[in-house]
Amino acid sequence: LPPAGVPSALLGAEHVRCCAEGDEGLAIFLGVARGGKAPLYRKQLLDAPSPAGGADSAASVQLASAVLADLSDLAREDPAIVSALSAACVIPAEDGSLRRARDLFHPDCADAAALLGGGVAGAGSRFPAPALTARPEVLSALLTLGLRTRIEPEAVAECAREVQSLGAPPAAGEAAEAARQRH
């Protein structure tokens, strides 16, 4: 039986789905075990070649929200899942990319917003998807996974490198080609 309260999109052929009232009780009576949330989320989010919903931003946000909302229960079921989630790129950013929580900034971090805001390319990849930060329990789970709450010197240096790469002069070959085309 599938774990209670998980998105149905995560359930596969290995799960017994009960359609009629009383089916679940009968399945339990017959010895069909209810699976745990931690193994299911680990399989779908961490062990899959591409996380469930990876290309679909809405599905990624829904899955991440479900996992983060259940993080304290998941940690009791599988203590290693917290470190595995904090090391994996499974948190949807504003721009739809999947990042590690420690690569993202808390939306209330004014310094990060000032440094990364104002139309800087890539800024949307530095903050969690807004749907994740709207629920206090999900935001708390993101903090547990390493969401940044302040700017540190290495973050400033990283931003400077990104800005430099955006305005970097063309490579020598590209410059020569551009000059040849003008003449």
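Reading the values: rules and limits
Residues numbered from 1 in each chain as written. Predicted model: local features only at pLDDT ≥ 70, side-chain atom pairs only at ≥ 80, totals over all residues. Heavy atoms only, no water. Helix = DSSP H or I, 4+ residues; strand = E, 2+ residues; numbered from the N terminus. Buried < 20%, exposed > 50% of the residue type's maximum accessible area, 1.4 Å probe, protein only. Contact = heavy atoms within 4.5 Å. Areas by Shrake-Rupley, 256 points an atom, 1.4 Å probe, with all protein chains shown as cover. Arc of directions from axis to C-beta. Core = buried A, V, L, I, M, F, W, Y, C linked by side-chain atoms within 4.5 Å. Axes fitted to C-alpha atoms, helices over the stretch in contact; angles between N-to-C directions. Parallel < 35°, antiparallel > 145°, perpendicular 65-115°, else oblique. Nonpolar A, V, L, I, M, F, W, Y, C, P; charged D, E, K, R; others polar. Phe/Tyr/Trp six-rings, centres within 6.5 Å; stacked < 30°, edge-to-face > 60°. Salt bridge = Lys/Arg side-chain N within 4 Å of Asp/Glu carboxyl O.

## Quick notes on the overall build of the chain
And step 1. Helices and strands together make up the secondary structure of the chain, namely 10 helices and 2 strands.
And step 2. The helix and strand sequence of the chain, counted from the amino end, reads α-α-α-α-α-β-β-α-α-α-α-α.
And step 3. Across the 183 residues that make up the chain, the buried fraction comes to 36%.
And step 4. Counting only contacts in the chain whose residues sit at least 6 apart along the sequence, the fraction spanning at least 24 positions is 66%.
And step 5. As displayed, the chain has an accessible area near 10,200 Å², and 57% of this comes from carbon and sulfur atoms.

## Here's the deal with helix 2 (residues 37–46)
And step 1. Within helix 2 the residues assigned to the buried category are K37, A38, L40, Y41, Q44 and L45. End-on view of helix 2: buried residues confined to an arc of 160°, all on one side of the axis.
And step 2. The elements touched by buried residues of helix 2 are helix 3 (57–69), helix 4 (71–77) and helix 5 (81–87).

## So, the nonpolar core
Here is a general trend for soluble globular proteins: nonpolar side chains tend to be buried in one another's company.
And step 1. Within the largest apolar cluster, 32 residues are counted, with the highest numbers of intra-cluster contacts made by Y41, L68, L85, I91, L132, L142 and L145.
And step 2. For this core, the secondary-structure elements that each account for two or more residues are helix 2, helix 3, helix 4, helix 5 and helix 8 (136–144).
And step 3. Among the elements that line this core, the one with the most residues is helix 3, at 6 residues.
And step 4. Ignoring any residue separated from it by four or fewer positions in sequence, one finds I91 in contact with L68, S97, L98, R99, A101, L104, L132, L142 and L145.
And step 5. Counting residues in each nonpolar core, the second largest holds 5 residues, with F105, A112, F127 and I151 among its members.

## Concerning the packing of helix 3 against helix 8
And step 1. Relative orientation of the contacting elements helix 3 and helix 8 amounts to 80°, with a least axis distance of 8 Å. Considering the angle they form, helix 3 stands roughly perpendicular to helix 8. Between helix 3 and helix 8, the contacting residues are S65, L68 and A69 on the first element and E137, V138, A141 and L142 on the second.
And step 2. For the contact of helix 3 with helix 8, a count of residues per class yields 5 nonpolar, 1 polar and 1 charged.

## Here we look at the environment of I91
And step 1. With respect to the secondary-structure elements, I91 resides in strand 1 (residues 91–92).
And step 2. Overall, I91 belongs to the buried group, its relative accessible area being 2%.
And step 3. Distance from I91 to L132, taken between C-alpha atoms, is 8.9 Å for residues 41 residues apart in sequence.

## Some thoughts on the packing of aromatic side chains
And step 1. The final tally for this structure, using the stated rule, is 1 aromatic pair.
And step 2. On the numbers, 6.2 Å between centres and 45° between planes, the contact of F105 with F127 is tilted. With F105 in the loop between strand 2 (98–99) and helix 6 (110–116) and F127 in the loop between helix 6 and helix 7 (130–133), this residue pair connects regions lying 22 residues apart in the sequence. For the pair F105 and F127, one class covers both residues: buried.

## Observations concerning the side chain of D70
And step 1. For D70, the location among the structural elements is in the loop between helix 3 and helix 4.
And step 2. For D70, the residues in contact, after removing those within four places along its chain, are K37 and Y41.

## Points about the pattern of salt bridges
And step 1. Evaluation of the coordinates by the stated rule reveals 5 salt bridges.
And step 2. One salt bridge in this structure joins R42 and D78, with 2.9 Å as the shortest N-O distance. Of the two residues, R42 is situated in helix 2 and D78 in the loop between helix 4 and helix 5; the sequence distance between them amounts to 36 residues.
And step 3. Overall, D78 belongs to the buried group, its relative accessible area being 17%.

## Points about helix 8
And step 1. Those residues of helix 8 lying buried are V138, L139, A141 and L142. Within helix 8, the buried residues cover an arc of 160° as seen down the axis, which keeps them to one side. Away from the buried face of helix 8 by more than 90 degrees, exposed residues P136 and T144 are located.
And step 2. Looking at the buried residues of helix 8, the elements they touch are helix 3, helix 4, strand 1 and helix 7.

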